[in-house]
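Summary of structural features
The primary structure of each chain is shown beneath.
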Amino acid sequence: MGSVEQPVSMPMQAERRFRRREWSRNRTYYYLIIPVVIYFILIRYMPLYFLQVAFREFRVTRPISQTDWVGFRHFTDLFRTPMFGNALWNTIRISFAKLLFGFPAPIILALLLNEIRSSGFKRFTQSVLYLPHFISWVVIAGIMYNLLSPDLGIINNVIRSMGGEAVYFMGEDRWYVPLLVSSSIWKESGWGTIIYLATISRIDPDLYESAMLDGANRFQRMIRITLPLISDVIVVLLILRLGNVLTVGFEQIMAIGNPGSLPGRHVLDTFTYAVGLRNGRYGIATAAGLFKSLVAGLMIYTSDRFAKSLGQRGLI
Amino acid sequence: MTNVVGSRRGAFDYLLIAFFVLACVVMVYPFWHTIVTSLITFTEYAESLILLWPRSIDLSGYQFVIEQGSILRPLQVTIFIAIVGTACSLLATTIAGYVLSKRFRFSALIVNLILITMFVHPGLIPTYINYRNLGLLNTLAVYIVNGLIIPFYFVIMRTYYLSFPTDIEDAAEIDGCSVVQRIFLVVIPLSKAILAAIGLFFAVQYWNTFSPSLFFIRDQDKKTIQEYLFRIISRAVGDDAEETAAVVFPESVKAANILIATVPIVLVYPFLQKHFVKGVMLGALKG
């Protein structure tokens, strides 16, 4: 028996000794990182526990474990709420409009920026194009209200001076999605070029030279060399974007759409805020959030599969 | 850069320059329009088709905003969270990034713990309940707790420290520096550029804090400048008849408010600009 025990206990002892040495050598690292770990558990992971509000009859006065389970009732209530259907539809159409027009914008812009020959002008243009990324949506909405005002806004001044009739851009529903899409492009497409430009700058210049010797013109080089070589990055960003297909920018919608006074303009995130925090219906609001996360996960998975089936590298 | 071979400017180049000059105008003019609006009188505003240059300077918009005074408290709150928040975030991100660039028993696990939060979001209501249980609702601390560590910036910092030359640290260790001394005396001074970049990102993020103020703060005296501005803007949508209209015209007051809420960003932008591309690239390419 003893001869059997020996080989088992030896490595165990050695391991314990090794761990003790590891602990004493890296002690300071552990002391420094423990607050970070506590922060993440308490602030970022603890909320996951409260997702069960979506399946419970939540009471503010009671600890969550003492409230009753209600199964999927909040979900069935949610899908029967007309405001939710409207918010979901808004989210989808805004998201697809942004995907269709907003996603290609930085790619085109990066390809064009890459064609600028004067490096001084290029750098200047880039820093101007990046600027709006740092401006908050509230400020942008404020500026838009001024520029687009039906009374004395400059856009309507121009329309009137050409004999047209003033348009109430910020109030009319048919301008809602176009304004969201164009303001997103204005704010983020410059910033979005960074990653594409970086990828382009790592393309081997020899490729361009040999293409030129073969008589390829500038446009052909752009389409046949640059574009295929950044397609990996495009696919990864597209998959990530599809995963966020139900996230259309809470702050932008709040500031530009003003769903507080125009309830027809709600999207999922503003719906969750209005129903959950303003009306105190936590169950339904949490169910809406959970629904959104499930769709997001599903979208990432499907689009990744799809990209792989097309022979791209994919993400996961 | 790559296309310098055979450089002779063709029609395409001029089109390109024209396009980007136009793009720059589209980017900058809205800000310029706001500046001019805040500086002129109503007569001038009403008479002009397009604002290009103020004919005379009139500061009554700003005067009204300052005398009325309700912007001062949100301004104070925002300056406070921008300074304290940036300091806390930088410290936390540096420590997390540096320590987790080292290999020890749980380091990979902790890195994953942080990275997962990039993709798993509990959503608004669970976060709200959690903050309430922790007693953070309606405190200034919630702003800083909510924005303390951004996983993306953590990835940038960690990537930077992974490629940090180890000889310098070894030398410091031989000289008898403790880990904490090493961080503050060697590591931080040697990463000033990246700290400046990430610090500016954090400063902008804290300055632009809007939804946390909407979600987690009830008291008016703890609201941020962005929510304050939001109230002004969305109030003016419903009823254009402002009580201010008698004294100064509302567009000018709004423009003055907008500029007060934007000026700090425009002031730090040149510094930001110098560093951020490098920072973003580092995180994006290796992360």
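Just so you know, these numbers come straight off a predicted model, no measurement behind them. (Residues numbered from 1 in each chain as written. Chains lettered and ligands numbered in written order. Predicted model: local features only at pLDDT ≥ 70, side-chain atom pairs only at ≥ 80, totals over all residues. Heavy atoms only, no water.)

**Observations concerning the pattern of salt bridges**
Evaluated as defined, the whole model comprises 17 salt bridges over all chains. For Arg 182 of chain B, the salt bridge identified is with Glu 169 of chain B, shortest N-O distance 3.9 Å. Placement of Arg 182 of chain B in helix H10 (residues 179–187) and of Glu 169 of chain B in helix H9 (residues 166–174) is noted, with a sequence separation of 13 residues between them. Residue classification places Arg 182 of chain B among the buried positions, given a relative accessible area of 5%. On the basis of relative accessible area, Glu 169 of chain B is assigned to the buried category, the value being 4%. In this structure, Glu 173 of chain B and Arg 182 of chain B form a salt bridge, with 3.5 Å as the shortest nitrogen-oxygen distance. Through salt bridges that share partners, Glu 115, Arg 117 and Arg 218 of chain A together with Asp 13 of chain B make up one connected network. (Salt bridge = Lys/Arg side-chain N within 4 Å of Asp/Glu carboxyl O. Helix = DSSP H or I, 4+ residues; strand = E, 2+ residues; numbered from the N terminus. Buried < 20%, exposed > 50% of the residue type's maximum accessible area, 1.4 Å probe, protein only.)

**Things to note about unusual backbone geometry**
Of note in this structure, Asn 258 of chain A is not a glycine but carries a positive phi near 55°. In this structure, Asn 258 of chain A sits in the loop between helix H13 (250–257) and helix H14 (268–278). Backbone geometry at Asn 138 of chain B places phi at a positive 65°, although glycine is not the residue there. Take Asn 138 of chain B: it is sitting in the loop between helix H6 (124–133) and helix H7 (141–147). Assessed through its relative accessible area of 12%, Asn 138 of chain B is described here as buried.

**A word on the environment of Val 142 of chain B**
All names here are of chain B. Turning to its location among the elements, Val 142 is positioned in helix H7. By relative accessible area, which is 0% here, Val 142 ends up buried. The sequence separation of Val 142 and Tyr 131 amounts to eleven residues, and the corresponding C-alpha distance is 7.7 Å. Not counting residues up to four positions away in its chain, the partners in contact with Val 142 are Tyr 131, Leu 136, Phe 216 and Ile 217. (Contact = heavy atoms within 4.5 Å.)

**With respect to the packing of helix H7 (residues 137–147) of chain A against H13 of chain A**
Residues and elements named next belong to chain A. Closest axis-to-axis distance for the H7/H13 pair is 9 Å, and the angle between their directions is 25°. Comparing the axis directions of H7 and H13 gives the class roughly parallel. The way H7 lies across H13 gives a crossing that is right-handed. Residues Trp 137, Val 138, Ala 141, Met 144 and Tyr 145 of H7 form the contact with H13, whose participating residues are Glu 251, Gln 252, Ala 255 and Ile 256. Class assignment for the residues of the contact of H7 with H13 results in seven nonpolar, one polar and one charged. (Axes fitted to C-alpha atoms, helices over the stretch in contact; angles between N-to-C directions. Parallel < 35°, antiparallel > 145°, perpendicular 65-115°, else oblique. Left-handed = near helix turned anticlockwise from the far one by under 90°. Nonpolar A, V, L, I, M, F, W, Y, C, P; charged D, E, K, R; others polar.)

**Considering the domain arrangement of chain A**
All names here are of chain A. On domain assignment, one finds that chain A holds domain 1 (2–66) and domain 2 (75–136 + 176–309). Look at where the C-alpha atoms of domain 1 and domain 2 centre, and you get two points 37 Å apart. Listed by partner, the interface residues are six residues for domain 1 and six residues for domain 2. Of the roughly 510 Å² buried between domain 1 and domain 2 on both sides combined, carbon and sulfur atoms contribute 86%. Taken as a group, Leu 51, Val 53 and Ala 54 account for 63% of the area that domain 1 buries against domain 2, more than any other trio of residues on that side. Run the count over domain 1 and domain 2 and you get zero salt bridges. Put simply, domain 1 and domain 2 have zero residue pairs in polar contact (both at pLDDT 80 or more) between them. (Domains from an automatic or database assignment. Buried area = accessible area lost by both parts, 1.4 Å probe. Polar contact = N/O pair within 3.5 Å; in protein donor to acceptor, adjacent residues only side chain to side chain.)

**Thoughts on a nonpolar patch on the surface**
A surface patch of nonpolar side chains, amounting to about 560 Å² of accessible area, comprises Trp 23, Tyr 31, Ile 34, Ile 38 and Leu 42 of chain A together with Leu 134 of chain B. Among the elements that line the nonpolar patch, the one with the most residues is helix H2 (residues 27–49) of chain A, at four residues. By the element assignment, Tyr 31 of chain A lies in helix H2. (Patch = residues over 30% accessible without salt bridge, like charges linked within 9 Å, V, L, I, M, F, W, Y side chains within 5 Å. Areas by Shrake-Rupley, 256 points an atom, 1.4 Å probe, with all protein chains shown as cover.)

**Concerning a positive patch on the surface**
On the surface, a cluster of positive charge is made up of Arg 16, Arg 17, Arg 20, Arg 21 and Arg 25 of chain A. Its relative accessible area of 47% is what places Arg 17 of chain A among the partly exposed residues. (Lys, Arg positive; Asp, Glu negative; His and termini not counted. Charge placed at Lys NZ, Arg CZ, Asp CG, Glu CD.)

**Digging into the domain arrangement of chain B**
Residues and elements named next belong to chain B. Segmentation of chain B into domains returns domain 1 (11–68 + 225–260) and domain 2 (72–216). Measuring from the centre of the C-alpha atoms in domain 1 to the corresponding centre in domain 2 gives 36 Å. Contacts between the two partners involve seven residues from domain 1 and, on the opposite side, nine residues from domain 2. At the junction of domain 1 and domain 2, the tally comes to zero salt bridges.

**Observations regarding the side chain of Lys 98 of chain A**
Residues and elements named next belong to chain A. Here Lys 98 lies in helix H4 (residues 82–102). Despite its burial, Lys 98 pairs with no opposite charge, the nearest such side chain being Glu 188 at 9.0 Å. A distance of 2.6 Å separates polar atoms of two side chains, one belonging to Lys 98 and the other to Gln 252. Excluding anything up to four places from it in sequence, Lys 98 contacts Phe 103, Leu 180, Val 181, Ser 184, Arg 241, Val 248 and Gln 252.

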